[in-house]
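For reference, the chains in residue letters:
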Amino acid sequence: MRNRVNNFLGRVSTPGLFIIVFTAALAFRLIFLAGISRSPVFGIAIIDEQTYSEHALKLLETGNIREGFFWQSPFYPFFLTAVYSVLGRSIVGVKIIQLIIGSLTSGMVFLLGQRIFGRKAGVAAAVITILCGPLLFFETKLLATSWASFWAVSLLLLILRAERSSRIPDLALVGICCGLAAVTRANLILFIIPALLWLAVTIFRSGISPVRAAAGTGVILAALLAVLIPVSALSYMTNDNFSPLPQSGSLNLYLGNNPNTDRTLMIRPGMEWKDLIREPTLHGARTNSESREYFARLFREYVVSRPIGYLTGLFSKTAQFFNSREMPRNIDPYTEREFSRLYSLLIWKVGGFGFPFGVIIILAVLGIIRFGSRIPVPVSLFLVFYPLSVILVFVASRYRVPYIPVLAVPAAAGLASLPGMIRESTPRRLAGTIGLIAALALAVSAPGPFAVEKHDYRSEMYC
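First, a word on scope: everything that follows refers to the structure included in this document. For clarity, every value in this text was computed on a predicted model and none was experimentally measured.

## Description of the packing of aromatic side chains
- Here the structure, examined in full by the defined rule, presents 27 aromatic pairs.
- Measuring from ring centre to ring centre gives 5.2 Å for phenylalanine 382 and tyrosine 386, while their planes differ by 20°; the resulting arrangement is stacked. With phenylalanine 382 and tyrosine 386 both in helix α19 (residues 377-391) and 4 residues apart, the pair spans about one turn of that helix.
- Since its relative accessible area comes to 1%, tyrosine 386 is described here as buried.
- Ring centres of phenylalanine 382 and tyrosine 403 lie 6.1 Å apart, and the angle between their planes is 20°; on these two criteria the pair is classed as stacked. Here phenylalanine 382 is found in helix α19, whereas its partner tyrosine 403 is found in helix α21 (residues 403-424), with 21 residues between them in sequence. A single burial state applies to phenylalanine 382 and to tyrosine 403, both of which are buried.
- A network of ring pairs unites the aromatic residues Tyr52, Phe75, Tyr76, Phe79, Trp147, Phe150 and Trp151 as a single cluster.

Below you can see the structure in the form of structure tokens.
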């Protein structure tokens, strides 16, 4: 069987395998979509989904960007506007397009895995993304999660390509992709900055003339600004804030970093949330910028006045990010398992252990331990800085999901190494490996339950 698989992988070209992975990923996703369609919230947009949808519809109807459009990152409502202009207000149409984007992400994960660890690992990494329940679940929501995953993998592939070629078109694509990623999920900026600095240093050290290296770096910056400046200008016209960052950034920082984070993170949609949004005006804020500064000031005061509490919170959020279970926000990925037999197989938890992330993170750690020296610097930067970008604010499943496609690459390497580790190990080393796996399973499962896991999301979903 192994020989047949190896022969097949050896005969098929890389573009051919990409097409096979994409086709398999899309077919599986469409089957998943049919199963999850029994959910009572399948055909409606709720909470953040509704906000995105309303902004898109208003823009389509009036041609004007209304106040609040830049409350969250603007790429996704622009995307919805484009889809609605072609398909009408079709929620199912949006979900199918997002499944296509997710299938492309699986194909690119194959390319990334193949580049780093070889063809078999690339296919295995793609299979992980095809079968990953949380990834598929959020691709069927009117949220920017699928696009964030797409930009993350695309950016890594483009940076690795530009590192070798230093061609102007490749460098321009890096800048454009960085800009689009930044206006899709602002936390990706924390990875983009060190990644671009590394690429710039690599270009200058590549042996080309300093003038050509400076020109190449300038191309990246110009392409990046070509995306960010128009978005910033639109934001300024709407809410007097010349910035590509979402207006809610300082509020989110406060929600995840204050003396009562368990309470603030559990503020539910409705009057309590509206009271929080109005709080700056009760303290003298008269403009959007003053409202943003109000929450930013609360965050700074907390960090300065209670540094131990702040650091303890970061430790707790680190445990949440790498926890095997999915951390709910307004949407709990576990509540819709009952409506799809397939989905119930792709995501579950037993005691404190959650599948599939618990398995993926353990395999990834094994892969990093054994093959860490082969992981390119940009991928290592993403594996470090993306979690940090979420931990600095607050952790939720939908924000962790874009990490999974990249994590799937070392996880595939770890999975491929297991048979050899078992076969070649002495009894003592084998016991050590089993002990390491058990320790990792305990580490990613024991913490909690956290406050966000104790709410009745099923009742709230029906409400």
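## A closer look at the nonpolar core
- Counting residues in each nonpolar core, the largest one holds 128 residues, and the members touching the most others are Tyr76, Leu80, Leu112, Val174, Ile192 and Phe382.
- The leading source of residues in this core is helix α8 (residues 145-165), at 12 residues.
- Leaving out residues up to four positions away in the same chain, phenylalanine 382 has contacts with Ala152, Leu156, Leu188, Phe191, Pro387, Pro402, Tyr403 and Val406.
- Among the nonpolar cores identified, the runner-up in size contains 6 residues, and Leu9, Leu17, Val21 and Phe110 belong to it.

## Some words on unusual backbone geometry
- For the bond from phenylalanine 355 to proline 356, the omega torsion is 15°, close enough to zero to count as cis.
- Positionally, proline 356 belongs in the loop between β2 (353-355) and α18 (357-371).
- Cis rather than trans, the peptide bond between glycine 448 and proline 449 has omega equal to 5°.
- One can find proline 449 in the loop between α22 (427-443) and α23 (457-462).
- One non-glycine residue, isoleucine 47, lies in positive phi territory at about 55°.
- Mapped onto the secondary structure, isoleucine 47 falls in the loop between α2 (14-36) and α3 (48-62).

## As for the pattern of salt bridges
- Applying the stated criterion across every chain yields a total of 13 salt bridges.
- Taking the shortest distance from any N to any O, the salt bridge between glutamate 336 and lysine 141 comes out at 2.7 Å. With glutamate 336 in the loop between α16 (307-321) and α17 (341-346) and lysine 141 in the loop between α7 (133-139) and α8, the pair connects residues that are 195 residues apart, well separated along the chain.
- Residue glutamate 336 is classed as buried on the basis of its relative accessible area, which comes to 3%.
- For lysine 141, a relative accessible area of 4% puts it in the buried group.
- Between glutamate 326 and arginine 400 there is a salt bridge, with the nearest N and O atoms lying 3.0 Å from each other. Placement of the pair is glutamate 326 in the loop between α16 and α17 and arginine 400 in helix α20 (residues 397-400), with a sequence separation of 74 residues.

## A word on a nonpolar patch on the surface
- Side chains of Leu221, Leu225, Ile229, Tyr236, Met237 and Phe242 sit close together on the surface and give an oily, nonpolar patch of about 640 Å² of accessible area.
- You can call phenylalanine 242 exposed: its relative accessible area is 52%.

## What to know about the side chain of threonine 238
- Within the secondary structure, threonine 238 is located in helix α11 (residues 210-239).
- When near neighbours in sequence (up to four residues on either side) are disregarded, threonine 238 contacts Ile65, Arg66, Glu67 and Phe70.

## A word on the packing of helix α9 (residues 168-182) against α11
- It is at 7 Å that the axes of α9 and α11 come closest, and there the two elements cross at 35°. When the axes of α9 and α11 are compared, the crossing they make is right-handed. The segment α9 lies against α11, with Ile168, Leu171, Ala172, Val174, Gly175, Ile176, Cys178, Gly179, Leu180 and Ala182 engaging Gly216, Val219, Ile220, Ala223, Leu224, Val227 and Leu228.
- The residue makeup of the contact of α9 with α11, split by class, is 14 nonpolar, 3 polar and no charged.

## Points about helix α5 (residues 91-117)
- Spanning 27 residues, α5 covers 38 Å between terminal C-alpha atoms, matching the ideal 39 Å at 1.5 Å per step.
- Positive backbone phi, approximately 105°, marks glycine 118, located one or two places after α5.

## Some details on the state of the cysteines
- One pass over the structure, following the stated rule, counts 0 disulfides.
- In this model cysteine 178 remains outside any disulfide bridge; the closest cysteine sulfur is found in cysteine 177, 6.3 Å from its own.

Cut-offs applied
- Residues numbered from 1 in each chain as written.
- Predicted model: local features only at pLDDT ≥ 70, side-chain atom pairs only at ≥ 80, totals over all residues.
- Heavy atoms only, no water.
- Phe/Tyr/Trp six-rings, centres within 6.5 Å; stacked < 30°, edge-to-face > 60°.
- Helix = DSSP H or I, 4+ residues; strand = E, 2+ residues; numbered from the N terminus.
- Buried < 20%, exposed > 50% of the residue type's maximum accessible area, 1.4 Å probe, protein only.
- Core = buried A, V, L, I, M, F, W, Y, C linked by side-chain atoms within 4.5 Å.
- Contact = heavy atoms within 4.5 Å.
- Salt bridge = Lys/Arg side-chain N within 4 Å of Asp/Glu carboxyl O.
- Patch = residues over 30% accessible without salt bridge, like charges linked within 9 Å, V, L, I, M, F, W, Y side chains within 5 Å.
- Areas by Shrake-Rupley, 256 points an atom, 1.4 Å probe, with all protein chains shown as cover.
- Axes fitted to C-alpha atoms, helices over the stretch in contact; angles between N-to-C directions.
- Left-handed = near helix turned anticlockwise from the far one by under 90°.
- Nonpolar A, V, L, I, M, F, W, Y, C, P; charged D, E, K, R; others polar.
- Expected span 1.5 Å × (residues − 1).
- Disulfide = S-S within 2.5 Å.

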